[in-house]
Amino acid sequence: MKIKSTSMSYDEVMALPRPIHKKPDKPSLLLGTVMRLASIPDLCQVGFTYTKENMDKAGDGPWLILMNHSSFLDLEMVSKMMYPKTYNIVCTSDGLVGKEGLMRKLGCIPTQKFVSDISLISDIKYALNENKSSVLMYPEASYSFDGTATPLPRRLGVFFKTLKVPVVMITTYGSFTRDPLYNNLQKRKIKASAKMECLLSSDEIKIKSVEEIDQILDKAFNLDYFKWQFDNKIEINEDFRADGLNRILYKCCACGKEGNTEGKGIKFICHDCGLEYNLNPLGRLENSHGDTRFPHIPDWYSWQRSCVRDEIKNGTYLLDTDVEIGMIVDFKSLYMIGNGHLHHSINGFVLDGADGKLHYEQGPSACYSLYSDYFWYEIGDVICIGNKDCLYYCFPKKKDVVAKARIAAEELFKINRSSKRK
């Protein structure tokens, strides 16, 4: 999938009119049917099946539907599970670029990832109460990098209590394993399934505390798809299964050097110290010459997080990279404005570009996570920062910094929040 892009100067982009906010459209059953039919080939390819649990306490709807997010296959799964019921979809604003009318008729509610958006709450209420439509949202707001859950916003229970509708959870199995984000959009041959269950009825939301609801959500989103693959003996025999693994395992666990690992074919190597692993069909790393420190990939990723946390605490964390900058200020195009420089430290992000005309700062308390992605719309790895008026899509020239930037943003937020509480 690609995005419409236009080369334009920074001044020209800033002069563009900003779009007027629109209420969510009632989803078109016709377009929903088209989506359902278009998804059949992929769903047949993965032999998709699903189950339902405790849905009797959810009633006929509308519902707030929560779903973990691993790949585009997730949306195709929902199209089968919900059909012919219509539903609005909370999606990132860049998903509407170049096709706003179509996406709104399909039921999309655009919002900006990890940017405060008060209007989103009223839009969801409008969809539920006026459109009489369920609303699908991905509370993690981003794809998983390592197959485990990404952070959830706190106090979602307050939000649920204002909506007064049942909360339904859809958990997928196989979506990440078939098409992990780091693997360059190369799809593996596996089966996929999903489970739909009523997580909280309207009555349960009324009587449970916000803290209790948060605990229920944390449990529902406690996922580890590499463990799921290993436990269920699901073999990935494609010879490209390690391609791009360096995007998430950017730091060698043997020599500690960063940015010089490589996943290629079925091998994962460090070009600094010569460490070499094989990624076996069950998703485990193996070293034929000795012990494997982290056979389970999420454990390696978690170790990198602890290293970043230490860097932050001792004041040495730093990302400095030249970037190519794209801007989104409307739903018409991604506007490419040229090169710039991105700086990330314990004080947050600083972006400079457009011959000194662009200077943007974003503090470490701005949000609990970071919108970052791999091979974004087939352009490249990206780090996105910004506010409700403008989003800056930064494509780093430095190799494999996206995962570390997201980890650092999450850890900086937690450390700053903890300091404020004290």
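Here goes a summary of the coordinates provided.

### Overview of the packing of aromatic side chains
One pair of aromatic rings is described through two measures. These are the centre distance and the angle between the planes.
Phase 1: Under the definition given, this model contains 16 aromatic pairs.
Phase 2: Measuring from ring centre to ring centre gives 4.6 Å for tryptophan 376 and tyrosine 393, while their planes differ by 25°; the resulting arrangement is stacked. One end of the pair, tryptophan 376, is in strand β17 (residues 371–376); the other, tyrosine 393, is in strand β19 (residues 390–396), and 17 residues separate them in sequence. Across the pair, tyrosine 393 and tryptophan 376 agree in class, each one buried.
Phase 3: Aromatic ring contacts, followed pair by pair, group Tyr173, Phe176, Tyr225, Phe226 and Trp228 into a single cluster.
Phase 4: Stacked on the ring of phenylalanine 230, the Lys or Arg lysine 233 has its end atom at 4.4 Å from the ring centre.
Phase 5: The ring of phenylalanine 145 has arginine 406 sitting right over it, with the charged end atom 3.6 Å from the ring centre.

### Regarding the sheet that holds strand β11 (residues 276–279)
Phase 1: Taken together, four strands build an open sheet; the order of strands is β9-β10-β11-β12 and the sheet is antiparallel. Two strands close off the open sheet at either side, each with one partner strand: β9 (261–264) and β12 (285–286).
Phase 2: In the sheet, β9 pairs with strand β10 (residues 267–270) via four bridges, with the strands oriented antiparallel. Directly across from glutamate 262, in β10, lies its bridge partner isoleucine 269.

### Remarks on the sheet that holds strand β2 (residues 49–53)
Phase 1: Strands sit in the order β2-β8-β7-β3-β6-β4-β5 across an open sheet of seven strands; the sheet is mixed. Edge strands, defined here as strands with exactly one partner in the open sheet, are β2 and β5 (108–111). Pairwise comparison of adjacent strand axes, ignoring direction, gives a mean angle of 25° for this sheet.
Phase 2: Across the sheet, helix α6 (residues 118–129) touches β4 (87–92), β5 and β6 (134–137), and the angle it forms with β6 is around 140°.
Phase 3: Lying on the sheet, helix α7 (residues 156–163) is in contact with β3 (64–67), β6, β7 (167–173) and β8 (193–200); it crosses β3 at an angle near 150°.

### Details of the pairing of strand β16 (residues 358–362)
Phase 1: Going residue by residue along β16, you find Leu358, Tyr360 and Gln362 tucked away on one face and His359 and Glu361 left uncovered on the opposite face.
Phase 2: As paired elements, strand β15 (residues 348–353) and β16 share five bridges and run antiparallel to each other. Pairing of aspartate 352 across the sheet is with histidine 359, part of β16.
Phase 3: Between β15 and β16, which follow one another and run antiparallel, lie four residues, and alanine 354 among them has a positive phi close to 55°.

### Concerning the packing of α7 against helix α10 (residues 210–220)
Phase 1: In contact at an axis separation of 7 Å, α7 and α10 are set at 105° when each is read in the N-to-C sense. Between α7 and α10, the crossing angle belongs to the class labelled roughly perpendicular. Within the contact between the two elements, α7 uses Leu156, Gly157, Val158, Phe160 and Lys161 and α10 uses Val210, Ile213, Asp214 and Leu217.
Phase 2: Grouping the constituent residues of the contact of α7 with α10 by class yields six nonpolar, one polar and two charged.

Conventions used here
- Residues numbered from 1 in each chain as written.
- Predicted model: local features only at pLDDT ≥ 70, side-chain atom pairs only at ≥ 80, totals over all residues.
- Heavy atoms only, no water.
- Phe/Tyr/Trp six-rings, centres within 6.5 Å; stacked < 30°, edge-to-face > 60°.
- Helix = DSSP H or I, 4+ residues; strand = E, 2+ residues; numbered from the N terminus.
- Buried < 20%, exposed > 50% of the residue type's maximum accessible area, 1.4 Å probe, protein only.
- Lys NZ or Arg CZ within 6 Å of the ring centre and 35° of its normal.
- Pairing = 2+ DSSP bridges.
- Axes fitted to C-alpha atoms, helices over the stretch in contact; angles between N-to-C directions.
- Contact = heavy atoms within 4.5 Å.
- Parallel < 35°, antiparallel > 145°, perpendicular 65-115°, else oblique.
- Nonpolar A, V, L, I, M, F, W, Y, C, P; charged D, E, K, R; others polar.

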